[in-house]
Amino acid sequence: MFSLDNDKQSYSLKPMNCPAHCLLFKHRTRSWRELPIRFADFGVLHRNESLRTLSGLTRVRRFQQDDAHIFCTLDQIEEEIAGCLDFLRSVYEMFGFSFELYLSTRPDKFLGDAAMWDRAESQLDSALTRFVGDKWKKKEGDGAFYGPKIDITVQDALQRSHQCATIQLDFQLPQRFELTYQPGDEQKSTCQPVIIHRAILGSVERMIAVLTEHYGGKWPFWLSPRQIIVVPINPECYDYAKEAAKFLQEAGFCVHCDLIHDQRMQKKIRNAQLEQHNFILVVGEKEMAKRTVNVRTRDNVVHGEFTLDEVVAACKHLVKTKDLNSDTVWNRTS
């Protein structure tokens, strides 16, 4: 951790969200009727990693993660895990990832009651079977000492494996923070919840690195920082090029306009392709007269002439559907 002393007290930059969420749960009396309680946090975290372990965006000292903690009863584990897995699939399929699932079970040294572990593992087993049938594997004895977990391994476009997501049961933190809720059973004064740690992206920085490798720098339109560039053929078309760019910007897209005077059109198109703009809109005197643009892609596929309204409709469709193949939208529009 990054720590400092001030006024005879020690302070540290937050390395994780778990303790804060436990305190949020504990700040008042909880009832079984409130469970499950779900807290999510994209707060900034800091970890004082060794200098020799730092690596690009995959291992950094300051990062954010889509961290969530679900406080639930033992009976609610299966449904909550099923919800986590469904969330995982919707996100990873949107990115175009394939993934593998592993259930890591009780190690030799563990915290808590063996019967409680068996019951929790049975619910994880059932949730995985509901989710993917028998297309998951078990890692005997590979769980953390404080609870069983589901390991998710992502395969990118080059079939390289990355572990980003986390779904982890935790029996330890509720004990250490003395977390309790009032049960419906009058014979018990209080019961202890179970915590599910859930992160789908994991570290956002690491996920950006994985996605960059996965797409080879060719970001899908809905994620791209360089969605559209307008390329005028000659200076006489500059005003129309700027007008078209402004129209598309106001429609909500990331748009550039190449107004460099000393480059030929072919050079501008080539530069736009190398810079990985998804769509290159070429405008000349014909397009200016008809209030249209000529659409081509960064892969030099020429789709032809479209009105600005048609371009907006096509691009909005790509954003809405998260379609990874942007060529189909122009066949749909034409």
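Refer to the structure printed above.
First, a word on scope: everything that follows refers to the structure included in this document. Since this is a predicted model, take the numbers as computed values, not measurements.

Before going further, it helps to examine the sheet that holds strand 15 (residues 302-307). Taken in spatial order, the five strands make up an open sheet running 12-11-13-14-15, and their pairing is mixed. Of all the strands in the sheet, just strand 12 (255-257) and strand 15 have a single pairing partner and so form its edges. Strand after strand, the sheet turns through a mean of 25 degrees between neighbouring axes, direction not considered. As defined by bridge partners, strand 11 (residues 228-232) adjoins strand 12 across three bridges and the pair is classed as parallel. The partner of Ile-229 across the bridge, within strand 12, is His-256.

Further remarks concern the packing of aromatic side chains. Per the counting criterion, the structure on display carries 15 aromatic pairs. For the ring pair Tyr-92 and Phe-99, a centre distance of 6.0 Å and an interplane angle of 70 degrees mean the geometry is edge-to-face. Overall, Tyr-92 belongs to the buried group, its relative accessible area being 0%. Taking 5.1 Å as the distance between ring centres and 85 degrees as the angle between the ring planes, the aromatic pair formed by Phe-279 and Trp-330 counts as edge-to-face. Of this pair, Phe-279 sits in strand 13 (residues 279-283) while Trp-330 sits in helix 10 (residues 327-333), and the two are 51 residues apart along the sequence.

Now for the pairing of strand 5 (residues 62-72). The buried fraction of strand 5 is high, at nine of eleven residues. Where strand 4 (residues 44-46) and strand 5 come together, three bridges link them in antiparallel fashion. Of the residues in strand 5, the one forming a bridge with His-46 is Arg-62. Alignment of strand 5 against strand 10 (residues 194-203), held across seven bridges, turns out to be antiparallel. By the bridge assignment, Gln-65 is partnered in strand 10 with Ser-203.

Right, let's get into the side chain of Glu-287. Its place among the elements puts Glu-287 in helix 8 (residues 285-290). Despite its burial, Glu-287 pairs with no opposite charge; the closest candidate is Lys-286, at 4.4 Å N-O. What Glu-287 contacts, discounting residues up to four positions off in sequence, is Tyr-240, Val-282, Thr-292, Val-293, Asn-294 and Glu-305.

Another aspect to go through is the nonpolar core. In terms of nonpolar packing, the biggest core is built from 40 residues, with Ile-81, Leu-85, Tyr-92, Leu-101 and Ile-150 touching the most fellow members. Counting residues per element, the ones that place at least two in this core are strand 5, helix 2 (77-95), strand 6 (98-104), helix 3 (114-132), strand 8 (149-155), strand 9 (161-170), strand 10 and helix 5 (204-215). Counting residues per element, this core draws most heavily on helix 2, which supplies eight residues. With residues near it in sequence (within four places) discarded, Ile-81 still touches Leu-124, Ala-127, Ile-150, Ile-167, Leu-169 and Ile-196. Phe-221, Val-230, Phe-279 and Cys-315 belong to the second-largest nonpolar core, a separate cluster that totals 24 residues.

Position of Leu-128 among the secondary structure elements: in helix 3. When the C-alpha atoms of Leu-128 and Leu-85 are compared, they prove to be 8.0 Å apart, with 43 residues separating the residues in sequence. For Leu-128, the contacting residues outside a window of four places in its chain are Leu-85, Leu-101, Leu-103, Gly-133, Trp-136 and Ile-150.

Attention now moves to the pattern of salt bridges. Once the charged atoms of two side chains with opposite charge are near each other, the side chains can pair. Enumeration over the complete set of coordinates arrives at 16 salt bridges. Residue Asp-41 pairs with Lys-14 through a salt bridge whose shortest N-O separation is 3.8 Å. Here Asp-41 is found in strand 3 (residues 37-41), whereas its partner Lys-14 is found in the loop between strand 2 (9-12) and helix 1 (18-26), with 27 residues between them in sequence. Exposure remark for Asp-41: the relative accessible area of 19% places this residue in the buried category. For the salt bridge of Asp-118 with Arg-106, the shortest nitrogen-to-oxygen distance reads 2.7 Å. Residue Asp-118 is found in helix 3, and its partner Arg-106 is found in the loop between strand 6 and helix 3; the two are separated by twelve residues along the sequence. It is possible to trace a salt-bridge network through shared partners that takes in Arg-28, Arg-30 and Glu-34.

Rules used in this analysis
- Residues numbered from 1 in each chain as written.
- Predicted model: local features only at pLDDT ≥ 70, side-chain atom pairs only at ≥ 80, totals over all residues.
- Heavy atoms only, no water.
- Pairing = 2+ DSSP bridges.
- Helix = DSSP H or I, 4+ residues; strand = E, 2+ residues; numbered from the N terminus.
- Axes fitted to C-alpha atoms, helices over the stretch in contact; angles between N-to-C directions.
- Phe/Tyr/Trp six-rings, centres within 6.5 Å; stacked < 30°, edge-to-face > 60°.
- Buried < 20%, exposed > 50% of the residue type's maximum accessible area, 1.4 Å probe, protein only.
- Lys, Arg positive; Asp, Glu negative; His and termini not counted.
- Salt bridge = Lys/Arg side-chain N within 4 Å of Asp/Glu carboxyl O.
- Contact = heavy atoms within 4.5 Å.
- Core = buried A, V, L, I, M, F, W, Y, C linked by side-chain atoms within 4.5 Å.

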